[in-house]
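For reference, the chains in residue letters:
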Amino acid sequence: MTRVSAANGGAGRATLPVMAASENGRAGMVAAMALLRKGGRALDAVELACRVTEDDPNDHSVGYSGLPNVMGEVELDASIMDGRDLRSGAVAAVRGYGNPITLARQVMEQLPHVLLAGRGAERFAAANGHAPQDQRTEEALQRWRERFAHYGLDSEGDADLRELTNTLTRPLNLSEAPLSAGSERRFGTVNFLALDQYGDLASAVSTSGLGWKYPSRVGDSPIIGAGNYCDNRYGATACTGMGELALRVSTARSLVLYMKLGMSLHEAGLEALRDLAYLGGVPGRYMNMVAMTPQGECAGFTTVPGKKYLYMNEEMEEPALAERVRLEESA
Ligand code: GLY
């Protein structure tokens, strides 16, 4: 188990800037920490960090080049939350536009809503001057073609996708370790939590969702309380993994609520893992959380062996990897 204490009282400052992220957040974290070092705000830092990951063509779980749904279309989800006042913004199932985290922030700042989905989100993107951009790369499309060529999935009306969706998801259970060599990697999301020098927390999550998902399937990432939650008073949490699990037990909000009720970061993370364990051996029993206290203590939690998370404070030259806590190891 690794917990990282980043709290301190440097000259004239209540806190050090500190960040936590999922393992695929390294480049985004470096860019965001540079912003925080210059006095930048946590909200700007997590948005910037997500944008870096969304633009990375080598990350097939987030933004541009994300794995498509079962019909070969990339649909993006993202959410952002401001710990100062719990303002939140999110978009879901967005096709044909990039950087969904910026769209999510614009929803938060421009509308009396929290979440826009599908066509409305795309209309909102156009209204904000986002240029339409096909999010599918040839590499991601090629993987889709190899996987589904023989199903003849040419158009929305051609196939009944119900059985196919169930067949695709059934093997994704804990015992088959979705990260093992040779297994088909269909999960992926990026999480960023930041505490700035003003003592403010922010959180951001972005994903292309479960690869080969049913069209318009939405996971936990754009759902405030499931995949993302942030409150300056008690802490922040963000999730990666099989979003249906976090949706069912409100993982991100629960972990922060457990801290509000007096649990330590470690105890709160274990309690959130117990919530997930209660779901039993459902398909894809795979979930990870990163969490941070208002003082900048970080931890990662997971249901599967071998998973790590990233953390960094302004004194570190590079993000560092730390082990995530598992329930079994802590029992
Ligand atoms: N955690 C991302 C998703 O399930 O879509």
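Residues numbered from 1 in each chain as written. Predicted model: local features only at pLDDT ≥ 70, side-chain atom pairs only at ≥ 80, totals over all residues. Heavy atoms only, no water.

Chemist: Looking at this model, I keep getting lost on the overall build of the protein. Mind explaining?
Modeler: Broken down by element type, the protein carries ten helices and 14 strands. Burial statistics for the protein: of 331 residues in total, 58% are counted as buried. For the protein, restricting intrachain contacts to residue pairs at least 6 apart in sequence, the fraction spanning at least 24 positions comes to 67%. Counting only carbon and sulfur atoms, one obtains 49% of the accessible surface of the protein, whose full area is about 13,300 Å². (Helix = DSSP H or I, 4+ residues; strand = E, 2+ residues; numbered from the N terminus. Buried < 20%, exposed > 50% of the residue type's maximum accessible area, 1.4 Å probe, protein only. Contact = heavy atoms within 4.5 Å. Areas by Shrake-Rupley, 256 points an atom, 1.4 Å probe, with all protein chains shown as cover.)

Chemist: Would you mind going over helix H4 (residues 118-127) with me for this structure?
Modeler: Gly118, Ala121, Glu122, Phe124 and Ala125 are the residues of H4 that are buried. Along the axis of H4, the buried residues cluster in a sector spanning 160°; they form a single face. In H4, the exposed positions angled more than 90 degrees off the buried face are occupied by Arg119, Arg123 and Ala127. Residues of H4 that are buried make contact with strand S4 (87-94), helix H3 (100-110) and strand S5 (115-117). Positioned one or two residues after H4, Gly129 has a phi angle of 80°, which is positive. (Arc of directions from axis to C-beta.)

Chemist: For this particular structure, what's the right way to read the environment of Pro294?
Modeler: The residue Pro294 is located in the loop between strand S10 (287-292) and strand S11 (298-302) in this model. Of the residues examined, Pro294 reaches a relative accessible area of 18% and is grouped as buried. Spatially, the C-alpha atom of Pro294 lies 7.5 Å from that of Leu195, the residues being 99 residues apart in sequence. Beyond its immediate stretch of four places on either side in the chain, Pro294 contacts Leu195, Leu201, Asn232, Arg233, Tyr234 and Gly235.

Chemist: Quick question: what am I supposed to make of empty space enclosed by the protein here?
Modeler: The method is simple in principle: a probe with the dimensions of a water molecule rolls over the atoms, and the space it marks as empty is what remains. Throughout the structure, instances matching the rule amount to three cavities of 30 Å³ or more. Lining of the largest cavity is provided by 14 residues; of these, Thr189, Gly209, Leu210, Arg217 and Gly241 occupy positions nearest its centre. (1 Å grid on protein atoms, 1.4 Å probe; cavity = no way out; pocket = protein on both sides within 12 Å on 5 of 7 lines; lining within 4 Å. Points joined across faces, edges and corners; volume = space filled by probe spheres on them.)

Chemist: Even after reading the chapter, I still don't get the side chain of Asp77, so can you show me in this structure?
Modeler: If you trace the backbone, Asp77 turns up in strand S3 (residues 76-82). One buried charged residue, Asp77, forms no salt bridge at all, with the nearest opposite charge on Lys213 at 4.4 Å. For Asp77, the side chain forms a polar contact with the main-chain nitrogen of Ala93, separated by 2.8 Å. Contacts of Asp77, omitting those with residues within four sequence positions, involve Val91, Ala92, Ala93, Pro100, Val205, Ser206, Thr207, Lys213, Val218, Gly219, Ser221 and Pro222. (Lys, Arg positive; Asp, Glu negative; His and termini not counted. Salt bridge = Lys/Arg side-chain N within 4 Å of Asp/Glu carboxyl O. Polar contact = N/O pair within 3.5 Å; in protein donor to acceptor, adjacent residues only side chain to side chain.)

Chemist: Any chance you could explain the site of the ligand here in plain terms?
Modeler: Surveying the vicinity of the ligand reveals the residues Thr189, Gly209, Leu210, Arg217, Gly219, Asp220, Ser221, Gly241, Met242 and Gly243. Here a nitrogen atom of the ligand and a side-chain polar atom of Asp220 are 2.7 Å apart. The backbone of Gly243 places a nitrogen or oxygen atom 2.8 Å from an oxygen atom of the ligand. Coverage of the ligand by the protein amounts to 98% of the 200 Å² it exposes when considered alone. Spatially, the ligand is embedded in the largest cavity. (Near = heavy atom within 4 Å. Sits in = over half its atoms within 2 Å of the grid points.)

Chemist: I would appreciate a short explanation of the environment of Gly39 in the present structure.
Modeler: Here Gly39 is to be found in the loop between helix H1 (26-37) and helix H2 (42-54). Each C-alpha atom of the pair Gly39 and Gln197 lies 6.8 Å from the other, and the pair is 158 residues apart in sequence. Every residue in contact with Gly39, bar those within four places of it in the chain, is listed here: Gln197 and Tyr198.

Chemist: Honestly, unusual backbone geometry in this entry has me stumped. Any pointers?
Modeler: Excluding glycine, residues mostly carry a negative phi; peptide bonds, for their part, are mostly trans. Here the phi dihedral of Leu86 falls at roughly 65°; this positive angle occurs in a residue that is not glycine. Within the secondary structure, Leu86 sits in the loop between S3 and S4. With a phi angle near 65°, Trp212 is a residue other than glycine that sits in the positive phi range. With respect to the helices, strands and loops of the structure, Trp212 is situated in the loop between strand S7 (201-207) and strand S8 (228-231).

Chemist: What's the story with the side chain of Thr53 in this structure? I'm lost.
Modeler: On the secondary structure map, Thr53 appears in helix H2. Judged by its relative accessible area of 4%, Thr53 falls in the buried class. Once you skip the residues sitting within four places of it in the chain, Thr53 turns out to touch Asn24, Asp59, Val62, Val190 and Phe192.

Chemist: What's the story with the confidence of the model for the protein in this structure? I'm lost.
Modeler: As a general rule, the predicted coordinates of low-pLDDT regions are not to be interpreted in detail. On average, the protein scores 88 in pLDDT, and the residues at 70 or more come to 84%. Taken together, the stretch residues 7-14 has pLDDT below 50 and engages in eight contacts with residues farther than four places along the chain or on a different chain. Counting interchain partners and residues more than four positions distant, the pLDDT-below-50 stretch residues 171-183 has 21 contacts. (pLDDT = per-residue confidence, 0-100.)

Chemist: In this structure, what is going on with the pattern of salt bridges? I would like to understand it.
Modeler: Opposite charge on two side chains permits pairing when their charged atoms draw close. One pass over the structure, following the stated rule, counts 15 salt bridges. A salt bridge links Glu47 to Arg105; the shortest N-O distance between them is 2.9 Å. Note that Glu47 is positioned in helix H2 and Arg105 in helix H3, a separation of 58 residues in sequence. On the accessibility criterion, Arg105 (13% relative accessible area) is buried. Three or more residues are tied together by salt bridges with common partners; here these are Asp44, Glu47, Arg105 and Glu109.

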